[in-house]
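Structure at a glance
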Amino acid sequence: MKNMKNKTTKNNMINYGIVIVLFVIVQALSSTGNLSRLLMGLLVPLCVYTIASVSLNLVVGFSGELSLGHAGFMCVGAFSSALFSQVAADSIPQVPRFILAILVGAAVAALFGVIIGIPVLRLRGDYLAIVTLAFGEIIKNLINVLYIGVDDKGLHVATSAAGLHLEAGGKQILKGALGISGTATLYKDIKNYFFLIGVILLLLTLFIVQNLVNSRSGRAIMSTRDNRIAAESVGINITKYKLLAFTISAALAGVAGVLYAHNLSLLKVSVFDYNMSILVLVYVVLGGIGNIRGSIIATIILYALPELLRGFANYRMLIYAIVLIIMMLFNWAPAARDWRARMVEKFKGKKAKKEVA
């Protein structure tokens, strides 16, 4: 038992270490001028998608449910936090306002996670995937027709710009399909620290997910994944623990959405389509279902690769597809799994010999 705890702690520390080491390397390259503008622009989105993939792994990998609504939760977190930032821009300083925006985005996404999760988690497999996919599309289309403004009388919500009836001096914030503009400029003093903030949020996400997975609740969540009937037979409330995983995953997706929204001058709902959900799912699957470290590494490689290959204009997506196939084979092919197992055993054998000597 003690050895198992030590191994779990070691694995967790390695995950934290990977993120911190990569951050230090990026900062060193940036300070010496060896980091291109292209790579600089990828840093915050990398944090966004890594947070999203780690949080989705909690549902897909550890809870054993296939969810395609992650973009919907990111969308809810992004727009609720951007709306809060616009409304509170004149009354709250930048740093506390951004912290509150993160909390607002996470809380609203978690609320939607509960609302969607209670009826949906009674479904399984493909049915759950279809319903969560539909949720993402419903959210996107609802925001697409909403217009929100603010004046001295408070918030105004309508389905058209003319229906807002704003007083003189009022401000239109959400403009339907045109989205919300100017959110990033509200944080011009801390904009240069968004990568550091993204790394901190990623470490916080790892802390939450890893501690949940290794807790009593986490073991209950994984037991429902491994054998639903056996879990029910020993008194585990399956709906409760699946809803717990789903809600926490939704809240963390909302945090990713907050970071995404505040990094852009123009936030449009069209980017939060089912392609984004599938993209995050690809990162999870190729990194290894239930493998948090794999999600981190796969997201970094697969998100940055298409941008780094822009010099190979005609062959960029061909190379990307080949990398996807290789990663899939390496993760799931029986021969590759056997080879990795042999390498691990060989490494442990060498380490044991050194300790004896």
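Residues numbered from 1 in each chain as written. Predicted model: local features only at pLDDT ≥ 70, side-chain atom pairs only at ≥ 80, totals over all residues. Heavy atoms only, no water.

What about the packing of helix H7 (residues 216-226) against helix H9 (residues 238-262)?
- With their axes 9 Å apart at the nearest point, H7 and H9 run at an angle of 110° to one another. Between H7 and H9, the angle falls in the class roughly perpendicular. The hand of the H7/H9 crossing is left-handed. Touching Ser 217, Ala 220, Ile 221 and Thr 224 of H7 are Ile 238, Tyr 241, Lys 242, Leu 244 and Ala 245, all from H9.
- Its residues assigned to classes, the contact of H7 with H9 comprises 6 nonpolar, 2 polar and 1 charged. (Axes fitted to C-alpha atoms, helices over the stretch in contact; angles between N-to-C directions. Helix = DSSP H or I, 4+ residues; strand = E, 2+ residues; numbered from the N terminus. Parallel < 35°, antiparallel > 145°, perpendicular 65-115°, else oblique. Left-handed = near helix turned anticlockwise from the far one by under 90°. Contact = heavy atoms within 4.5 Å. Nonpolar A, V, L, I, M, F, W, Y, C, P; charged D, E, K, R; others polar.)

Notes on the environment of Leu 46
- Along the chain, the position of Leu 46 falls in helix H2 (residues 37-63).
- Classification of Leu 46 by relative accessible area gives buried; the value is 15%.
- A C-alpha to C-alpha distance of 7.7 Å links Leu 46 and Ala 304, two positions 258 residues apart in sequence.
- Those residues in contact with Leu 46 that lie beyond four places of it in its chain are Thr 299, Ile 300 and Tyr 303. (Buried < 20%, exposed > 50% of the residue type's maximum accessible area, 1.4 Å probe, protein only.)

Regarding H7
- Residues of H7 that are buried: Gly 218, Ala 220, Ile 221, Met 222 and Thr 224.
- Looking at the buried side of H7, the elements it contacts are H2, helix H6 (194-213), helix H8 (228-233) and H9.

Quick look at the environment of Glu 167
- Positionally, Glu 167 belongs in the loop between strand E2 (154-158) and strand E3 (171-175).
- For the pair formed by Glu 167 and Val 150, sequence separation is 17 residues and the distance between their alpha carbons is 8.9 Å.
- If we ignore the near neighbours within four places in the chain, the residues touching Glu 167 are Asp 151, Asp 152 and Lys 153.

Let's talk about the confidence of the model for the protein
- On average, residues of the protein score 84 in pLDDT, and 89% of them are at 70 or above.
- The lowest-confidence element of the protein is helix H13 (residues 334-356), averaging 57 in pLDDT; the highest-confidence one is H6, averaging 93. (pLDDT = per-residue confidence, 0-100.)

Considering the sheet that holds E3
- Taking strand neighbours across the sheet as the criterion, the 3 strands line up as E2-E1-E3 in an open arrangement whose pairing is antiparallel. Edge positions in the sheet fall to E2 and E3, since each of these pairs with one other strand and no more. Mean inter-strand twist for the sheet, computed between neighbouring axes without regard to direction, equals 20°.
- Relative to E3, helix H3 (residues 70-87) is tilted by about 170°, and along the sheet it contacts strand E1 (147-151), E2 and E3. (Pairing = 2+ DSSP bridges.)

Details of the side chain of Thr 132
- Here Thr 132 is to be found in helix H5 (residues 125-144).
- Of the polar contacts made by the side chain of Thr 132, one reaches the backbone nitrogen of Leu 68; its length is 2.9 Å.
- In terms of polar contacts, Thr 132 uses its side chain to reach the backbone carbonyl oxygen of Ala 129, at 3.0 Å.
- Once residues within four sequence positions are removed from consideration, Thr 132 is found in contact with Leu 66, Ser 67, Leu 68, Gly 69, Val 120 and Phe 246. (Polar contact = N/O pair within 3.5 Å; in protein donor to acceptor, adjacent residues only side chain to side chain.)

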